[in-house]
Amino acid sequence: MAIQISPSILSADFARLADEAAAVSGTADWLHVDVMDNHFVPNLTLGLPVVESLLTSVTVPMDCHLMIEDPDRWAPAYAEAGAGSVTVHAEAARSPVRTLREIRGQGARAGLALNPGTALESYADLLPEVDMLLMMTVEPGFGGQRFLDLVLPKIRRARDLVAANGGSVWLQVDGGITEETVERAAAAGADVFVAGSSVYKADDPAAAVQALRAQAEKAAG
Ligand code: DX5
Ligand code: ZN
């Protein structure tokens, strides 16, 4: 299980996004971009035009997390624009199989996100269609919230499910990941860690990425 770190630019300075991305380009595996539409979640961030611009100046592969209504309509365009990974929410997608296939068809990795209260078991049959399961460890919408330990049993069940299916699906956690909570999430079986405030509110974002990676690797064994 290879540990990967995906800093979330939600906690970065939005007036300097390309510089903020460059600050972690030597240490991060992905750049996590939170697309919020003020409907699926009560917050508004950025959309396709900003992602398209960022893609021209960012070297780290982009991990787009769509917290929007109607991801079926919009997700394939993020993949077509060049995002390396595009994740849609199970609660929002009306035709998840078709949408996940369209994302893959555009050459990106396809992710399926579950809110803390959404049961993993309802989506177990979709596993062959996904490259990554995103387990939200906060309610989506805002950075800087506390990690929800109640999601840990679901992460363990997801690890078992993935192992039973050949083990190639990545398990991402998003929300409240710090040097402290990353250990619990890694021990439960997560292998891709999104971190917003613990990276971008740190004095040295690149060093914060390395510290998270070291803690996760230690806990994952
Ligand atoms: C929240 C977003 C997260 C957010 C995490 O809905 O999906 O990606 O940036 O922020 P932190 O790491 O501060 O909890
Ligand atoms: Zn996110």
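Small disclaimer: the values here were computed from a predicted structure and weren't measured.

1. Brief notes about the packing of helix H3 (residues 71–81) against helix H4 (residues 96–105)
For the pair H3 and H4, the least separation of the axes is 8 Å and the interaxial angle reads 10°. Judged by the inter-axis angle, H3 sits roughly parallel to H4. For the pair formed by H3 and H4, the contact residues are Pro71, Asp72, Ala75, Pro76 and Ala79 on the first element and Pro96, Thr99, Glu102 and Ile103 on the second. Considered class by class, the residues forming the contact of H3 with H4 number six nonpolar, one polar and two charged.

2. Focus: the sheet that holds strand E1 (residues 4–7)
With parallel pairing, the eight strands of this open sheet are ordered in space as E1-E8-E7-E6-E5-E4-E3-E2. Taken across any chain shown, the strands that pair with only one partner, and hence form the sheet edges, are E1 and strand E2 (31–36). The mean inter-strand angle of the sheet, taken between neighbouring strand axes irrespective of direction, is 25°. Packed on one face of the sheet, H3 meets E2, strand E3 (62–67) and strand E4 (85–89) and runs near 170° to E4. Of the strands in this sheet, strand E5 (109–114), strand E6 (132–136) and strand E7 (170–174) touch helix H5 (residues 152–164), which is tilted by about 165° from E7.

3. Some points on the UniProt feature "binding site: substrate" (unreviewed entry) in the protein
When the UniProt feature table is mapped to this numbering, "binding site: substrate" (unreviewed entry) covers Ser8, His65, Gly141, Phe142, Gly143, Gly144, Asp174, Gly175, Gly176, Gly196 and Ser197. Residues from the annotated list that form part of the lining of the largest pocket: Ser8, His65, Gly141, Phe142, Gly143, Gly144, Asp174, Gly175, Gly176, Gly196 and Ser197. Tracing the backbone through its elements, the reader meets Asp174 in strand E7. Excluding its chain neighbours within four sequence positions, the residues that come into contact with Asp174 are His32, Asp34, His65, Leu134, Met135, Met136, Thr137, Val138 and Val194.

4. Points about the layout of surface pockets
Each pocket or cavity is described by its volume, and for the largest pocket that value is around 260 Å³. What lines the largest pocket is a set of 25 residues, among which Gly143, Gly144, Asp174, Gly175 and Gly176 lie closest to the centre. Split by residue class, the lining of the largest pocket holds 10 nonpolar, 13 polar and two charged.

5. Concerning the packing of aromatic side chains
Enumeration according to the criterion identifies one aromatic pair in this entry. Taken together, a centroid distance of 6.0 Å and an interplanar angle of 70° make the contact between Trp30 and Trp170 edge-to-face. You can see Trp30 sitting in the loop between helix H1 (17–23) and E2 and its partner Trp170 sitting in strand E7, a full 140 residues away along the chain. Taking NZ or CZ as reference, Arg109 lies 3.4 Å from the ring centre of Trp170, over its face.

6. Section: the environment of Pro7
Examined against the element boundaries, Pro7 turns out to sit in strand E1. Owing to a relative accessible area of 0%, Pro7 belongs among the buried residues under this scheme. It is 6.9 Å that separates the C-alpha atoms of Pro7 and Ala28, two residues lying 21 residues apart in sequence. Not counting chain neighbours up to four residues away, the residues in contact with Pro7 comprise Val24, Ala28, Trp30, Leu31, His32, Ala195, Val199, Tyr200 and Val209.

7. Focus: the nonpolar core
Core analysis: the biggest nonpolar cluster contains 63 residues, and Leu66, Val86 and Phe193 have the highest contact counts within it. Residues in contact with Phe193, not counting those within four places in the same chain, are Ile3, Gln4, Ile5, Ser6, Val173, Ile177, Val182, Ala185, Ala186 and Ala216. In terms of nonpolar packing, the next biggest core, distinct from the first, is built from five residues, Met36, Phe40, Val41 and Ala92 among them.

8. Remarks on the coordination of the zinc ion (ligand 2)
Of the protein atoms, only His32 (NE2), Asp34 (OD), His65 (ND1) and Asp174 (OD) coordinate the zinc ion (ligand 2), at distances of 2.1 to 2.3 Å. Around the zinc ion (ligand 2), the six donor atoms are arranged such that angles at the metal cover 71 to 170°; this shape is classified as octahedral. Sequence spacing among the residues donating to the zinc ion (ligand 2) works out to H-x1-D-x30-H-x108-D. With a gap of 109 residues between them, His65 in strand E3 and Asp174 in strand E7 connect regions that are remote in the sequence. Side by side, His65 and Asp174 carry an identical accessibility label, which is buried.

9. Comments concerning the UniProt feature "binding site: a divalent metal cation" (unreviewed entry) in the protein
Here the UniProt feature "binding site: a divalent metal cation" (unreviewed entry) sits at His32, Asp34, His65 and Asp174. A maximum C-alpha distance of 10.6 Å places the annotated residues, which cover 143 residues in sequence, within one compact spot. Annotated residues from the preceding list that form part of the lining of the largest pocket: these are Asp34, His65 and Asp174. You can call His65 buried: its relative accessible area is 0%. Within the local environment of His65, its side chain forms a polar contact with the side chain of Asp34, the two groups lying 3.1 Å apart. Residue Asp174 is classed as buried on the basis of its relative accessible area, which comes to 9%.

Reading the values: the criteria
- Residues numbered from 1 in each chain as written.
- Chains lettered and ligands numbered in written order.
- Predicted model: local features only at pLDDT ≥ 70, side-chain atom pairs only at ≥ 80, totals over all residues.
- Heavy atoms only, no water.
- Axes fitted to C-alpha atoms, helices over the stretch in contact; angles between N-to-C directions.
- Helix = DSSP H or I, 4+ residues; strand = E, 2+ residues; numbered from the N terminus.
- Parallel < 35°, antiparallel > 145°, perpendicular 65-115°, else oblique.
- Contact = heavy atoms within 4.5 Å.
- Nonpolar A, V, L, I, M, F, W, Y, C, P; charged D, E, K, R; others polar.
- Pairing = 2+ DSSP bridges.
- UniProt positions renumbered as here; feature names shortened; annotations may be inferred.
- 1 Å grid on protein atoms, 1.4 Å probe; cavity = no way out; pocket = protein on both sides within 12 Å on 5 of 7 lines; lining within 4 Å.
- Points joined across faces, edges and corners; volume = space filled by probe spheres on them.
- Phe/Tyr/Trp six-rings, centres within 6.5 Å; stacked < 30°, edge-to-face > 60°.
- Lys NZ or Arg CZ within 6 Å of the ring centre and 35° of its normal.
- Buried < 20%, exposed > 50% of the residue type's maximum accessible area, 1.4 Å probe, protein only.
- Core = buried A, V, L, I, M, F, W, Y, C linked by side-chain atoms within 4.5 Å.
- Donors = N, O, S within 2.8 Å, 3.2 Å for Na, K, Ca; no water.
- Tetrahedral: all angles 85-135°; square planar, octahedral: opposite > 155°, others 65-115°.
- Polar contact = N/O pair within 3.5 Å; in protein donor to acceptor, adjacent residues only side chain to side chain.

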